[in-house]
Amino acid sequence: MTIETVGVVGAGAMGNGIAQTFAMAGFPVVMQDLSDAALARGRATIEKSLERLVKRDKIATDAAEAALGRLETATDPGALAGRDLVVEAIVEKFEVKAGLLGKLDDICGEATIFATNTSSISLTRLAAASSRPGRVIGMHFFNPVPLMQLVEIIRALQTEDAVCDAITELTRAVGKTPRVSKDSYGFVVNRVLAPMINEAINCVYEGLASPEDVDEMMKLGANHPMGPLSLGDLIGLDVVLNIMETLYGGFDDPKYRPSPLLKQMVDAGYLGRKSGRGFFRYG
C-alpha cells in the first residue's frame, strides 16, 4: 500500500502544520479549506515557519523553497480527488467530521485512506460514517506540528491491518514517531493531559493559588517544561473544553466533568494564545 500524494482538509493551526510536515518530507500536498482568506492565512503561516527553520539552520533555503513548491491550495473539495491519503483537521465536532467523511466517499477513489486529526472523538463512530470504514484511521498530530515528534495513531474497530501498517510507516517517513492506540475517548495523551489541565483550572477556581503559582509549582515540583495553564492557553481553552466534554459524555464519569471556570473562560472568549488572552495575556 503506497502513499505518494496527500490532501489536508483545514488550513488552521493544525491543518497548515500537517501540510507543511508532508511537504517538507517530499510529498505533493493540496491544502483545502472553505475560503481563500483561510488558505492565505494558512500558507502565510507555513512560509513564516519555514523562514524560522532556515534562520535556525534546521533546513536549507532551497529545501524550504522546494517544500512550498509542493504545496497547492484549493477551496474546491474536488481537488482532493486522486489523493492517496486525505487528512482532516477541521473543527472538533463529531457531526462536522462525520459529514466530511461522507462527502469524501463521493470525491475520492476507493483506495484513498482517510485520516482524522481528532484529539478525542471515537474513531469507531467516525469510521462508521464512511462507506469504507476499514480505510479510516486516526493520525493525532500535536501543536506545533512541524516541531512535535509524536503522532498518536488510533485504530477504529473497523480499521484494516494494512491501513494501520501503511500509516505507521508513513509517519516514520515524515520524520515523526508513531505510537498506536486502541480506540477510546481521548485515546492516551489527552485522556491523561486534559484532566490534568482541568484540575489545574479547578485549583484557580477554588482559590488555592494564582495561575502563575499553579504553573510554577508544576514546573518546579513536577519538572514540567511548561505549566498546565500555559499549556492550556497554547492548546486553546475551547479545545480543552471540547476534549473534557467528550471524555465526560463518553465515559459518564464525574472525574471528567469540565471545570466551571473553564466553561466561563470559553464563554468570555478567553481562549488562550489565539485570542490574546487566556489564563495569561499575550501581546
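Residues numbered from 1 in each chain as written. Predicted model: local features only at pLDDT ≥ 70, side-chain atom pairs only at ≥ 80, totals over all residues. Heavy atoms only, no water.

Comments concerning the pattern of salt bridges
Thought 1: Counted according to the given criterion, the structure contains nine salt bridges.
Thought 2: For Arg 43, the salt bridge is made with Glu 47, and the minimal N-O distance between the two is 3.5 Å. Linking Arg 43 with Glu 47, this pair stays in helix H2 (residues 36-55), spanning four residues, or about one helical turn.
Thought 3: Residue Asp 105 is joined to Arg 132 by a salt bridge in which the shortest nitrogen-to-oxygen separation is 3.5 Å. Pair noted here: Asp 105 is in helix H4 (residues 94-107) and Arg 132 is in the loop between helix H5 (123-127) and strand S6 (136-140), with a separation of 27 residues, a long-range link. Each member of the pair Asp 105 and Arg 132 is classed as buried.
Thought 4: Members of the salt-bridge network, linked through shared partners, are Glu 88, Glu 92 and Lys 97. (Salt bridge = Lys/Arg side-chain N within 4 Å of Asp/Glu carboxyl O. Helix = DSSP H or I, 4+ residues; strand = E, 2+ residues; numbered from the N terminus. Buried < 20%, exposed > 50% of the residue type's maximum accessible area, 1.4 Å probe, protein only.)

A word on helix H6 (residues 161-173)
Thought 1: End to end, H6 covers 18 Å across 13 residues, agreeing with the expected 18 Å (1.5 Å per residue, within 8%).
Thought 2: The set of residues buried in H6 consists of Val 163, Cys 164, Ala 166, Ile 167, Thr 168, Leu 170 and Thr 171.
Thought 3: The positive-phi residue at the C-terminal boundary of H6 is Gly 175, with phi of around 85 degrees. (Expected span 1.5 Å × (residues − 1).)

Comments concerning the UniProt feature "domain: 3-hydroxyacyl-CoA dehydrogenase NAD binding" (unreviewed entry) in the chain
Thought 1: Per the UniProt record, "domain: 3-hydroxyacyl-CoA dehydrogenase NAD binding" (unreviewed entry) is annotated on residues 5-183.
Thought 2: Note that residues 5-183 is 41% helix and 21% strand, and that its end C-alpha atoms are spaced 26 Å apart. (UniProt positions renumbered as here; feature names shortened; annotations may be inferred.)

Topic: helix H7 (residues 189-205)
Thought 1: Helix length check: H7 (17 residues) gives 24 Å between terminal C-alpha atoms against 24 Å at 1.5 Å per residue, within 8%.
Thought 2: Turning to H7, its buried residues number three or more, namely Asn 190, Ala 194, Pro 195, Ile 197, Asn 198, Ala 200, Ile 201, Asn 202 and Val 204.
Thought 3: The secondary structure elements touched by the buried residues of H7 are S6, helix H8 (211-222), helix H9 (228-235), helix H10 (237-251) and helix H11 (260-268).
Thought 4: A positive phi of about 75 degrees marks Gly 207, the residue just after H7. (Contact = heavy atoms within 4.5 Å.)

Describing the environment of Asp 106
Thought 1: Residue placement: Asp 106 occurs in helix H4.
Thought 2: When the C-alpha positions of Asp 106 and Ala 81 are compared, they lie 9.1 Å apart, and in sequence the two are 25 residues distant.

Focus on unusual backbone geometry
What you tend to see is this: most non-glycine residues have negative phi, and most peptide bonds are trans.
Thought 1: Cis geometry marks the peptide bond from Asn 143 to Pro 144; its omega dihedral reads 0 degrees.
Thought 2: Unusually for a residue other than glycine, Asp 57 sits at a positive phi of about 60 degrees.
Thought 3: Among the structural elements, Asp 57 can be located in the loop between H2 and helix H3 (61-69).
Thought 4: We note that Phe 187 has phi near 60 degrees; this positive angle belongs to a residue other than glycine.

Considerations on the UniProt feature "domain: 3-hydroxyacyl-CoA dehydrogenase C-terminal" (unreviewed entry) in the chain
Thought 1: When the UniProt feature table is mapped onto this chain numbering, "domain: 3-hydroxyacyl-CoA dehydrogenase C-terminal" (unreviewed entry) sits at residues 186-282.
Thought 2: Secondary structure within residues 186-282 divides into 63% helix and 0% strand; the distance between the first and last C-alpha atoms comes to 28 Å.

A word on the nonpolar core
Thought 1: Residues Phe 22, Val 29, Leu 85 and Ile 167 are the most contacted members of the largest nonpolar core, which totals 37 residues.
Thought 2: Those residues in contact with Val 29, other than ones at most four positions away along the chain, are Val 6, Val 8, Ala 19, Phe 22, Ala 23, Arg 70, Leu 71, Glu 72 and Arg 83.
Thought 3: Formed by 23 residues, the second largest nonpolar core is a distinct cluster that contains Ile 201, Leu 229, Leu 231 and Leu 247. (Core = buried A, V, L, I, M, F, W, Y, C linked by side-chain atoms within 4.5 Å.)

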